[in-house]
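Residue-level structural notes
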Amino acid sequence: MENFNQNNIKYLEAAKRVKRLKGFYIHAVVYVLVNLFIVAQNVKSGASLSNMDNYWTAIFWGVGLLGHGISVFLPNMIMGKDWEERKIRELMDKNK
């Protein structure tokens, strides 16, 4: 029975990770599409591509996208795959 619970927990963790990855990928695609649209509109209206005012949305949104990417990809690189599980066990043992 414990093996079933362990598999169930692993599945739920994987599903959570996939959901976070999917959210990041959707965010990245929307970022690219919206910023391509903005640049296309600027080109269409005759605005110079060297004008920085055309890129503020991409820059600030890009910083947000970078933060989103860090929150999705970096925790596993820094803390390791099993960090959450170890921390949960540590806190549960502490509260016994």
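Conventions and cut-offs
Residues numbered from 1 in each chain as written. Predicted model: local features only at pLDDT ≥ 70, side-chain atom pairs only at ≥ 80, totals over all residues. Heavy atoms only, no water. Helix = DSSP H or I, 4+ residues; strand = E, 2+ residues; numbered from the N terminus. Buried < 20%, exposed > 50% of the residue type's maximum accessible area, 1.4 Å probe, protein only. Contact = heavy atoms within 4.5 Å. Areas by Shrake-Rupley, 256 points an atom, 1.4 Å probe, with all protein chains shown as cover. Core = buried A, V, L, I, M, F, W, Y, C linked by side-chain atoms within 4.5 Å. Phe/Tyr/Trp six-rings, centres within 6.5 Å; stacked < 30°, edge-to-face > 60°.

An unreviewed UniProt entry lists the protein chain under the name 2TM domain-containing protein, with Kaistella flava as the source organism.

For the protein chain, the count of helices and strands is three helices and zero strands. Taken from N to C terminus, the helices and strands of the protein chain fall in the order α-α-α. The burial tally for the protein chain puts 14% of its 96 residues in the buried class. A separation of at least 24 residues holds for 71% of the contacts in the protein chain among residues at least 6 apart in sequence. Just so you have it, the protein chain exposes about 7,900 Å², and 67% of that area is on carbon and sulfur atoms.

On to the nonpolar core, then. If you look at the biggest cluster of nonpolar residues, it comprises seven residues: Leu21, Phe24, Ala28, Tyr31, Ala58, Leu65 and Val72. Looking at this core, the elements with two or more residues in it are helix H1 (2–44) and helix H2 (56–79). Among the elements that make up this core, the one with the highest residue count is H1 (four residues). In this view, Leu21 contacts Val72 and Phe73; residues no more than four positions away in its chain are not counted.

So, on to the packing of aromatic side chains. Per the counting criterion, the structure on display carries four aromatic pairs. Seen from their ring centres, Tyr31 and Trp61 are 5.4 Å apart, and the 90 degrees between their planes marks the pair as edge-to-face. Of this pair, Tyr31 sits in helix H1 while Trp61 sits in helix H2, and the two are 30 residues apart along the sequence. Measuring from centroid to centroid gives 5.7 Å for Trp56 and Phe60, while their planes differ by 25 degrees, and the two rings are stacked. Residue Trp56 and its partner Phe60 are located together in helix H2, separated by four residues, close to a single helical turn.

Moving on to the environment of Arg17. Residue placement: Arg17 occurs in helix H1. Between the alpha carbons of Arg17 and Val72 there is a distance of 8.2 Å; along the sequence they are 55 residues apart.

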